[in-house]
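Understanding the architecture of this molecule
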Amino acid sequence: MECQEEKPIIYTMENKPIVTCAGDQGLFTSLYTSLAQQLPREPMEWRRTYGRAPKMIHLEANFVQFKEELLPKDGNKALLTFPFLHIYWTDCCDTEAYKSTVKEDMMRWQNSLRTHGSADWVIIVVETNDTKKKNKTNILPRSSIVDKIRSDFCNKQNDRCVVLSDPLKDSSRSQESWNSLLLKLRTLLLMSFTKNLGRFEDDMRTLREKRTQPGWSFCEYFMVQEELAFVFEMLQQFEDALVQYDELDALFTQYVLNFGAGDTANWLGSFCAPVNNWSGLLLRRPIDMEKRDGIQRGEASLLDLRSYLFSRQCTLLIFLLRPWEVTQRALELLHNCVQELRLLEVSVVEGALDCWVFLSCLEVLHRIEGCCDQAQLAANCSHTVGLWAYATDKLKSLGELCGLVSEKGPTSEDLNRTVDLLAGLGDERPETVSSLQSPYKKLKEALSSVEAFERHYLELSHAAMEMYRAISRLRSARLVGKSLAEFYMKKGDPEKAEAFLQEALKSYVSEGWSLPVTHTRKQIAECQKLLGRTEDYLQTSALLAGDANLTMEERKHFCQEILTFAGKSEDQSDKVTLSMGVFSQLTRLQFQPATASVHSGAVLQVEINLRCLMPVSVHIQQLAASIHFDLERAGTNGRSKGARQTIPGTVEFSHDTSSAGPSSSSGGPPLELEEIQDRSPTDNSLNSTGVVCKNTHLVMRLPESISPPDTPNCVSPPAVTLKEGAQMLKVQDVTLEPGNNSITFTAPSGQPGTYTLRQLFATVGQVQFVLPHIYPSVQYEVYSQEPQLTVEPLSEPLLAGLSQMVKFTLLTGHYTVKKGDALQLSNTDTMPILPSTSCSARISNPTGELVGESALSIQSSEKVTSISLPATPPYHTLEFQLEVLCIIPSGSDHPPNERLTNGEVRHRPRSYSHPDTPMTAIDQRMSIDCPWSIYSTLLALTFYIPFKTKHSLLSAGNRKYIQVCVQNMSDKNFTLAEVKLTEKQNASLELESLNTKTQQLLCSKHSLFCLWEVRWQDDLPSCLQCVFSTNFSPLKQDVSAFKPFQYQFQLERVTTLYSVRAEILPPAGEQNCRSGFLCGLEVCITRLTEPAEGEIAEDSKTDTEGLKTTKLMYEVADSSSNWAVCGKSSGMVSMPMTADATHKVQIEVMPLFAGHLPFPKIKVLKYLPHTAAVAIQPDPDSCVENDSLSLLDKALDDGGGHGQHPQPRQRALCGQRRPAAEGRGHAASGALQPGTSVQPHPHTAGSGAARHRRPHHGGQRYMTLVARARPLFIKLNPGPGLCRDFAPGQMGSVSTLRVAGMDSPLSMTCSHHWRHYRLHAVKSQ
Amino acid sequence: MAVCISVIAKENYPLYIRSVPTQNELKFHYTVHTSLDVVEEKISAVGKSLGDQRELYLGLLYPTEDYKVYGYVTNSKVKFVIVVDSSNTSLRDNEIRSMFRKLHNSFTDVMCNPFHTPGDTIQSKAFDGIVSGMMVQAG
């Protein structure tokens, strides 16, 4: 049994809810142990009011003997001492005994409970078998006692009386009875909790609502709510307990804030009292009774209240196993307290708060270390590091305050201050007296001496830095390091300081924080000056002198530092080399001339733009750029090589202009792309081409390594190596003003080669600034050039047959043209050089400016034309023009290759068709002897023949015509005059011109047709040698400009061999032919001439009967489905070899339609001897020579520009039809009036593909048809679309053309080789 | 309200940083720079949890005795850091959030400017105006 104390108020965690026991104390004592053990064994669900979540709770109880004093008096709100349940124990089984004593006792108990308004009671009746046995005689049923008790006390509350059977026996019955008892007790306890706590909370709330009333005291309220927290803590409900403290915390905070806003509460007065104790948090006790008493008395200071509140929160959080929340809250608390004291304007001794914070930080850390192992601590650095850093910070400021940081040590004033501060700490708490490392001891020791302070400070700093590093908060670590560096600087130890500063600087530079960079760099400069590291100091000074973040005075100061050093006259060994980037930036480099390519000896100027970063103007003794000379890349004719690699005349160097911070670093450096071409070394043909990135190494850098390209922010001066080049660009004594400066160098250009600018130096006294690499690389070229002569047409294209101007360009190169030097041109008879009256040469310098102009003298002898050149300096251009004429070679006249006297094949101009123009081209070679070379220069000019000439032989019955077509292929318009055709061999032959006009206009891309009728007296010669000649001149030029044009051609087999007549006869007895009825077609072939000698010899072999015959084959075919050829459609006839021999063939045909139908096509073919056929006929499919008979067709074709020339070998079998056909032929020739230019017929445009299949040619068929019926012209217009429905060659709706419908204009379509034509049949006469 | 507002590029260099003129600008530079530690820590912590919709607002980065530093990270890892005076207790979390939202909107406008090169420091007057508004308000 727990001995109840006189005053059971125990502020420890051993608190349990109080349960009083009345009645049989002995009985209770015997059961106490099992009861106390078993009660917390099973959890109970505690349903909460106000919507709080239900909780499972293990109930424990502190069983004390019932005493009247334990019952709370009115107004006593204490909860901890509140008995939550009252139990009456009895094992009475004797009715008499019950009635006599027990009942009375119970009544008294009940009465006292009732007077105190306590309704939480229970009566436990214990039954034992022993008692049963003992009092067997006066046994009453057990129930009767219980019933009696129930009826006496528990009216309507039967559950207030519980029976416990055989509690000390180990039987199931006993166990069951225990269980029900325990359950009952738990239930009743919880009911009591709910009821009493609820009531308490209600009271508490009421009290809180009164907080606006004047007499309200926070401290009183604090005690009330804390009571609740204690109860929750007692019930192990730490979360709820913490909530109470948090509520108090928030309430207090709000009051302080309201105070700050001007809303003053009276009770806050005590908290505004000056702080005179700053002993820090105390977290080692569960409850700091001292402070609690202070609060209870209303004497606590703000720090006391906060400390107490936090210590309670800390305790609960640790119970809740949330130590990291403690550290977080601690930091907040410390910050908050400092702010609150400021807000409440509490007077605090200087440094006192620092002490308090320092001690508190360490106390929290100690507390946490006390409840966690090392591994846990290490893993949760991030939670504790803030406290470490804060403590470090505070210790540092304390050290500064107490004069412990200075080199000299503390003054007496500092010592006084230290004493005051230490006094405020009070005595060390008993808990930590034994501990060697207590915060109290640490602070006292740290403030005791300079050395101790340094030790403690360094220890803390390093601990904080290491922790920051461990959780990779590197920036924070560096900031601590920087603060450490400042400490070292104050201690006069710049060496240690610099290391920390450099590390911090590196981080700021790499991340582009310019202001911290400047600040840190200034500190570094100080270090370096103290350390006497001149070079580094000067470098840093230069950086600072150009730092826009500094004031002008500061910049001038640093600049002066450099200049002062530079001005010191010391020996050369003391020269200091610094990076150029800190001093000035190369922004632009410009070549004059801009091509950056000069011939050797010429003047090349290099202008560089330097942006000087110094705040004042700086005098530079020498500015120089070293040059790397590369001989190999210099070509002998540098100009053409220079074109291969264009050197920009102006190079811009990109720098970040904004010194405020890095910019455009996100995208990295821009791509520098260049086109490359890989050419074959042998024939210069292109193998491959592509684009290369020139700065891959910059672009492809890992993104992490990209530091903002802020050049002046470089951490330390890059190692500068001086490369002494053989040649230098130098300028002496320059003054660089702040900002942009322009300096001009004169570049050496003696030897031909490539000169690359490598480095830039600026010398200021002892200091030399060096730009180690000029990037992008800058180079210029000096070249030496051979003289070059080029001839090019003044205007493209050069036309043969007309006088044309050509331009001679002479690049003198390194050669100086002296007076008397002459160009010797070998004359050719195909291209004479025309003497001209005014011929002047222009001399221009390399930049293209005109230097001089002088007349040329040209002397021509038989073989050579000599051109005397004016004196020209080297690397100049000499230009003059000459007029030349290329004689057009006349037609097919190919004289045999002439050989010159020296046996060399004379270069005959060869004509060929040029792919770019339809004109025929002639390459005309020129051989020029130049004074600078022993070799002749060979040049070629390409001339174009403006005309294309074609001829054809036309037959109409017995008449013969020769047609010549002159086509103007050039872009110029010409006038043609005196068109003439002559025959060379046969004098008797008369050519009667049908050309009416003497002069004809021949426009560009047009043709001119000329026609002659051939008249002969005796026999027509089988072969005609014709010469067509005309004069031509460009349009609008006078008669003198006419130039002759000649065209020679030969016509063979001119004579007509056979005439073919065809007639369709209606069936016997009929007047007309009817569709569907057979008609007779009579074909009559007549031989017109005696066979020639060769023909007889040829054919006689086939003769079998002695009579000389020629075998002819005829064929009647109608592919347009107008006629059905019945029976035999083709056959063979043997023509006797005599003149006027006639052969008639009868063939049956049937018209398929009514109307005027065209005749079916009749073909007459001649067999050729087998051997001859192979040689002549290129078509291997047939051994017969195939020729169309239609005169009209041919004429039309010729008119359209697609007619075939009557080839010399071609058999001209002239077919003759009925007179209608002849009339038609006339009409055709009418369309071919001599001298009339005929526009190409549209229908021919698409017929080219069908050329080899002439019988299927759509156009012809209609012509035949129309001409047969009435003189009609049919125009074929290509339609707009393609018709895909017809197969190639297939005819479309030809059959729809009805002769009957001819009276009116008619339109029809047919498809022809995928092409859609629209046919317009127009009535013509 | 705010004593320092800064925008920091993905690569951690400042795109914009402005503080109240009465206080030491340098100190804020250091503070903001150091806060990047916590920003990175928070970003990487978020990355691990693979939240589908990342919260841009990082909350209080760390308090100091005098200032509270709040962070915000856009989806393109541009950081906004706002430093608030600790004594300014009237400022609630929601107000800080709305400040960041405003800042983000204005920043987006700056980025939408076709004449602005992303990665350059922010020179926009409109943005400056927004920032000034935040610094003056209740300041």
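As the structure is a prediction and not an experimental result, all values here were calculated from the model.

Conventions we followed
Residues numbered from 1 in each chain as written. Chains lettered and ligands numbered in written order. Predicted model: local features only at pLDDT ≥ 70, side-chain atom pairs only at ≥ 80, totals over all residues. Heavy atoms only, no water. Helix = DSSP H or I, 4+ residues; strand = E, 2+ residues; numbered from the N terminus. Buried < 20%, exposed > 50% of the residue type's maximum accessible area, 1.4 Å probe, protein only. Contact = heavy atoms within 4.5 Å. Buried area = accessible area lost by both parts, 1.4 Å probe. Salt bridge = Lys/Arg side-chain N within 4 Å of Asp/Glu carboxyl O. Polar contact = N/O pair within 3.5 Å; in protein donor to acceptor, adjacent residues only side chain to side chain. Arc of directions from axis to C-beta. Pairing = 2+ DSSP bridges. Axes fitted to C-alpha atoms, helices over the stretch in contact; angles between N-to-C directions. Phe/Tyr/Trp six-rings, centres within 6.5 Å; stacked < 30°, edge-to-face > 60°. Patch = residues over 30% accessible without salt bridge, like charges linked within 9 Å, V, L, I, M, F, W, Y side chains within 5 Å. Areas by Shrake-Rupley, 256 points an atom, 1.4 Å probe, with all protein chains shown as cover. Core = buried A, V, L, I, M, F, W, Y, C linked by side-chain atoms within 4.5 Å. pLDDT = per-residue confidence, 0-100.

**Observations regarding the overall build of chain A**
Each helix and strand counted, chain A has 28 helices and 52 strands in total. Counting the 1325 residues in chain A, one finds 47% classified as buried. The contacts of chain A with a sequence gap of at least 6 include a subset with a gap of at least 24, amounting to 72%.

**Details of the interface of chain B and chain A**
Taken together, the contact between chain B and chain A spans 28 residues of the former and 30 residues of the latter. Summing the contributions of chain B and of chain A, the shared interface buries around 2600 Å²; its carbon and sulfur component is 55%. Among the residues of chain B in contact with chain A, Tyr30, His33 and Glu65 of chain B are the three that bury the most area, contributing 28% of the side total. Across the chain B-chain A interface, the total number found is six salt bridges. Linking Arg475 of chain A and Glu40 of chain B is a salt bridge whose minimum nitrogen-to-oxygen distance equals 3.1 Å. For the interface between chain B and chain A, the tally reads 17 residue pairs in polar contact (both at pLDDT 80 or more).

**Description of helix H8 (residues 289-297) of chain A**
Residue and element names in this part refer to chain A. What H8 keeps buried is the set Lys291, Arg292, Gly294 and Ile295. For H8, the buried positions fall inside an angular range of 155° around the axis, keeping them on one side. In H8, the exposed residues that point more than 90 degrees away from the buried face are Glu290 and Arg297.

**What to know about the sheet that holds strand S45 (residues 1123-1126) of chain A**
Residue and element names in this part refer to chain A. Taken in spatial order, the four strands of this open sheet run S42-S43-S47-S45, and their pairing is antiparallel. Looking at strand neighbours, the two that pair on one side only are strand S42 (1058-1065) and S45, the edges of this open sheet. Looking at each pair of strands side by side, their axes are set apart by 30° on average, direction ignored. Judged from the four bridges that link them, S45 and strand S47 (residues 1142-1151) form a sheet pairing that is antiparallel. When the sheet's bridge partners are listed, Val1125 is paired in S47 with Val1149.

**Some remarks on the pairing of strand S38 (residues 999-1002) of chain A**
Looking down a regular strand, the side chains alternate between one sheet face and the other. Residue and element names in this part refer to chain A. With burial as the criterion, only one face of S38 is covered, namely that bearing Gln1000 and Leu1002; the residues Gln999 and Leu1001 on the opposite face remain uncovered. Here four bridges tie strand S36 (residues 974-983) to S38, and the two strands are oriented antiparallel to one another. Looking at the pairing, Phe974 lines up with Leu1002 of S38.

**Things to note about the environment of Ser118 of chain A**
Structurally, Ser118 of chain A can be placed in the loop between helix H2 (95-115) and strand S6 (121-127). Those residues in contact with Ser118 of chain A that lie beyond four places of it in its chain are His86 and Leu113 of chain A.

**Notes on the sheet that holds strand S34 (residues 947-956) of chain A**
All names here are of chain A. Strands sit in the order S34-S35-S39-S37 across an open sheet of four strands; the sheet is antiparallel. Each end of this open sheet is capped by a strand with a single partner; those strands are S34 and strand S37 (990-993). Each strand axis lies, on average, 25° off the axis of its neighbour in the sheet, ignoring direction. One ladder, built from four bridges, connects S37 with strand S39 (residues 1007-1015); its direction is antiparallel. Bridged to Glu990 within S39 is Arg1015.

**Describing the packing of aromatic side chains**
Residue and element names in this part refer to chain A. Summed over all chains, the structure comprises 42 aromatic pairs over all chains. Ring geometry for Trp216 against Phe218: centres 6.5 Å apart, planes inclined by 65°, an arrangement best described as edge-to-face. Residue class for Trp216 comes out buried when judged on its relative accessible area of 7%. Here Phe218 falls in the buried class, since its relative accessible area comes to 0%.

**Some remarks on the pattern of salt bridges**
Residues and elements named next belong to chain A. Summed over all chains, the structure comprises 52 salt bridges over all chains. Here Arg208 makes a salt bridge to Glu247, at a shortest N to O gap of 3.3 Å. Residue Arg208 is located in helix H5 (residues 172-209), and its partner Glu247 is located in helix H7 (residues 238-260); the two are separated by 39 residues in the primary sequence. Residue class for Glu247 comes out partly exposed when judged on its relative accessible area of 32%. In this structure, Arg292 engages Glu226 in a salt bridge whose closest nitrogen and oxygen atoms are separated by 2.6 Å.

**Here's the deal with a nonpolar patch on the surface**
Residues and elements named next belong to chain A. A contiguous nonpolar patch, built from Leu671, Leu673 and Val691 and spanning about 310 Å² of accessible area, is present on the exposed surface. Mapped onto the elements of the fold, Val691 is located in strand S15 (residues 686-693). You can call Val691 exposed: its relative accessible area is 59%.

**A look at the nonpolar core**
All names here are of chain A. Ranked by size, the top nonpolar core spans 157 residues in total, and within it Phe63, Trp89 and Phe218 carry the most contacts. In contact with Trp89, other than residues within four places in its own chain, are Cys21, Ala22, Gly23, Asp24, Leu27, Phe28, Leu31, Leu35, Ile124 and Val126. Grouped together as the second largest cluster of nonpolar side chains are 65 residues, Ile867, Tyr944, Ile962 and Val1054 included.

**Description of the confidence of the model for chain B**
Note that predicted coordinates carrying low pLDDT should not be read in detail. Taken over all residues, the pLDDT of chain B has a mean of 86, while the share at 70 or more is 91%. On the interface metric, ipTM, the complex scores 0.92, and its pTM is 0.60.

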